[in-house]
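# Examination of the molecular architecture
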Amino acid sequence: MKTVGELALLVCLIVACFNGRGQSQRLPQPQQSQVPCFYIFGDSLVDNGNNNGMVTLARANYRPYGIDFLGGTTGRFTNGRTFVDALAQLMGFTRYILPYSRARGPELLRGTNYASGASGIREETGDNLGAHTSMNGQVANFANTVVQMRRFFRGDTNALGSYLSKCIFYCGLGSNDYLNNYFMPSFYTTSSDFTTNAYAAALIQDYTRQLTQLHSLGARKVIVTAVGPIGCIPYQLARYHSNSSRCNEDINKAITLFNTELRKVVDRFNGGQLPGAKFVYLDSYKSSMDLYQNGSANGFEVIDKGCCGVGRNNGQITCLPLQQPCTDRRKYLFWDAFHPTELANILFAQSAYGSQAYTYPINIQQLSSL
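All values derive from a computational prediction rather than experimental measurement. (Residues numbered from 1 in each chain as written. Predicted model: local features only at pLDDT ≥ 70, side-chain atom pairs only at ≥ 80, totals over all residues. Heavy atoms only, no water.)

Now for the overall build of the chain. Counting secondary structure elements, the chain contains 12 helices and eight strands. Computed over the C-alpha atoms, the radius of gyration of the chain is 19 Å, within 12% of the 21 Å expected from 2.2 N^0.38 for a compact globule of 370 residues. Scored against the burial criterion, the 370 residues of the chain give a buried share of 58%. Long-range pairs, those at least 24 residues apart, make up 72% of the contacts in the chain between residues at least 6 apart in sequence. Surface summary for the chain: the accessible area is close to 15300 Å², and the carbon and sulfur share equals 54%. The chain carries 32 positive and 24 negative side-chain charges, and their two centres are separated by 7 Å. (Helix = DSSP H or I, 4+ residues; strand = E, 2+ residues; numbered from the N terminus. Rg over C-alpha atoms; globule rule 2.2 N^0.38 Å. Buried < 20%, exposed > 50% of the residue type's maximum accessible area, 1.4 Å probe, protein only. Contact = heavy atoms within 4.5 Å. Areas by Shrake-Rupley, 256 points an atom, 1.4 Å probe, with all protein chains shown as cover. Lys, Arg positive; Asp, Glu negative; His and termini not counted. Charge placed at Lys NZ, Arg CZ, Asp CG, Glu CD.)

Right, dumping it as structure tokens:
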């Protein structure tokens, strides 16, 4: 039976989900963090500044990125909070998780964000944009973090393992393996080297190895996200003219192959393949598609154009330095050619945290309490 506090939080989540406030959206917060730490692996959807010092086109450390973020421009690829920012708040964290590029000392115990814009599961993914940290590199960075954390536990690996087993790990990779790899034949050969089925299988093989490495380093409570419907983002809508759909269905069908196999990986991990593992599959494809198809229910008036960008659908070139974005970000589903607005990120986080509409086999609130 839920406590009064839990019921109140659930009501707040439901009300906020259908009455978003965009730039000033507030999130209900538990009185204390439900887990001791939060470790984040991913790409530009959740990068919060790791690419700032890199020689790459995949950077967002300039205005108007962060125009609605309390800390200003930080390297987040949106106007305000990212999905993991909102999720951390829902889990009770009172301060944002620091990027790996800045996290030091005791801060590592609270969690670290290793995500890097343009990164993917495959090592070469995103090379067309410049420097980045692939998932292989992010796992290696976490291994380095574990080594540093041992001194806080006086070398007691059992105590450190027990601590990490209570933490939440978020892994959101795969989008760039399609956007900045498979569906970019002018730069990569993967579309001629692999069929869509074979490519999905190759990604799953690599990702399974990477997630297994995280488990060996102490990860137990892990969220893995499906790849969203990137055939519907302004960048793709600006490049393709489909006949029967608003989206590029060839891309979406290829992504669905990967997502279907990723859910099977979660079943295998939870079924005993990784001892003590508790994985949650986050169906961000379905949640994104639902928001895309029913945007008006949440106040979105523009679902096919970026709030900031250049060219058709504001998606041919992403948001430029000092460019003037749309005035009311609450009405836009997409911030730029690739990334959701803060309000969309908040709605995604609320649905993933407090309901099972898009999570399997349990939601993130339930995962936190295990």
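Right, let's get into the state of the cysteines. One pass over the structure, following the stated rule, counts four disulfides. The disulfide partner of Cys232 is Cys247, and the S-S distance across this bridge is 2.1 Å. A torsion of 110 degrees about the S-S bond marks the disulfide between Cys232 and Cys247 as right-handed. With a gap of 15 residues between them, Cys232 in the loop between β4 (221-225) and α8 (234-239) and Cys247 in the loop between α8 and α9 (249-273) connect regions that are remote in the sequence. Pair check on accessibility: Cys232 and Cys247 agree, each one buried. Shown here is the disulfide that connects Cys307 with Cys326, its sulfur atoms set 2.0 Å apart. Because the torsion about its S-S bond is -105 degrees, the bridge between Cys307 and Cys326 counts as left-handed. Residue Cys307 is found in the loop between β6 (302-306) and β7 (332-334), and its partner Cys326 is found in the loop between β6 and β7; the two are separated by 19 residues along the sequence. Judged by its relative accessible area of 4%, Cys307 falls in the buried class. Bonded cysteines in the chain are paired 1-2, 3-4, 5-8, 6-7 when counted in the order they occur along the chain. (Disulfide = S-S within 2.5 Å.)

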